[in-house]
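# Remarks on the overall topology
Below are the chains, spelled out letter by letter.
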Amino acid sequence: MLTRLTRPAAALTLAAGLAAALPATAQDFDISDMTPEQREAFGAQVRDYLLENPQVIMEAVNALENRQAEQQAVADQQIVADNADALFRDGFSYVGGNPDGDITIIEFSDYRCGYCRRAFPEVEELIESDGNIRFIMKEFPILGEDSVTSSRFAIATLMEEGDEAYKAVHDALITLEGEPSEQVLRRLADTLGLDTEAIIARMSDEEVTRRIQETRELATRLQINGTPSFVFGDQMLRGYVPLDGMRQLVEQIRSEG
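Described in the following lines is the structure provided in the data block. None of the values given here were measured: they were computed from a predicted structure.

### Brief notes about the pattern of salt bridges
Taken as a whole and assessed by the stated rule, the structure comprises 15 salt bridges. Two residues, D102 and R254, come together in a salt bridge whose shortest N-O distance is 2.8 Å. Note that D102 is positioned in the loop between β1 (94-97) and β2 (103-109) and R254 in helix α11 (residues 243-256), a separation of 152 residues in sequence. The exposure class assigned to D102 is partly exposed, which follows from its relative accessible area of 46%. Between R254 and D130 there is a salt bridge, and its shortest N-O distance comes to 2.8 Å. With R254 in helix α11 and D130 in helix α5 (residues 114-130), the pair connects residues that are 124 residues apart, well separated along the chain. Bridged by salt links that share partners, the residues E207, R210, R211 and E214 form one connected network.

Structure representation (structure tokens):
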């Protein structure tokens, strides 16, 4: 999702970029030392320069965005390291793909999220075509009661029936049209040949509640407030990324490793 700068933010960005672009000697002056006439003349010169060279504005914005992205990446790596056990070894999240893969990808997902649904077939293609990725799914229902109901059903299935059944239920829920009513969920479990009564009963289990709560607390520590969000190795991606972008990141991580 793209972010557009507000006017105040753009002004600050431009000022920071212009200051960085000035020679060191030019950055030593203090505009507060100028007289009102000098400040007015200086402002007019800056305005004229920007009108004649508008590309400087985008250069300044790009320079600041790149610097901020680098700083965020370093901060994210530390956050991932600080929460490694909860991310990679929580003992209850579904683990798929290649359990011995050289790269681990974690997804925080909500079944009712449109971008999660868009990402679903692309994540599947990435894992299947690569063959060397360990994949962990974090149930992160944040879009209302239907999201919570879906996650409770998926987690209950994992607890009652295991990984294979969970994967089948997950794939069905992420493509489900309409509300996940009890009737719909019962029909889904029956269709997949699962123990419907046991799963429905397990949905209200305190352990299901605990798992969802722990994942929410983890997401807060990771500064995740939307879905889908990913962890690729030690790098974080907040938001939808197309298949080609995910493949490029996997190649980058392998080349650096």
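### A look at the packing of aromatic side chains
In total, this model carries four aromatic pairs according to the counting rule given. Judged by centre distance (6.0 Å) and plane angle (40 degrees), the ring pair of Y115 and Y240 falls under tilted. Of this pair, Y115 sits in helix α5 while Y240 sits in the loop between β5 (235-238) and α11; the two residues are 125 residues apart in sequence, bridging distant segments of the chain. Owing to a relative accessible area of 16%, Y240 belongs among the buried residues under this scheme. Geometrically, the ring pair formed by F230 and F232 is edge-to-face, given 6.0 Å between the ring centres and 65 degrees between the ring planes. Here the two residues F230 and F232 agree in accessibility, since each one is buried.

Rules behind the numbers
Every chain is numbered on its own, with residues counted from 1 as its sequence reads. Since the coordinates come from a predicted model, pLDDT governs what is reported: local features require at least 70, and pairs of side-chain atoms require 80 or more to be given and counted, while whole-chain, interface and lining totals use all residues. Just so you know, side-chain values use all the structure's heavy atoms and leave hydrogens and water out. By definition, a salt bridge exists where a carboxyl oxygen of Asp or Glu is found within 4 Å of a side-chain nitrogen of Lys or Arg. Secondary structure elements follow DSSP: runs of H or I no shorter than four residues count as helices, runs of E no shorter than two count as strands, and numbering proceeds from the N terminus. Whether a residue is buried, partly exposed or exposed follows from its accessible area with a 1.4 Å probe, protein chains only, as a fraction of its type maximum: under 20%, in between, or over 50%, in that order. Classification of ring pairs rests on two measures: the distance between centres of Phe, Tyr or Trp rings, Trp counted by its six-membered ring, which must be within 6.5 Å, and the angle between planes, read as stacked under 30 degrees, edge-to-face over 60 and tilted in between.

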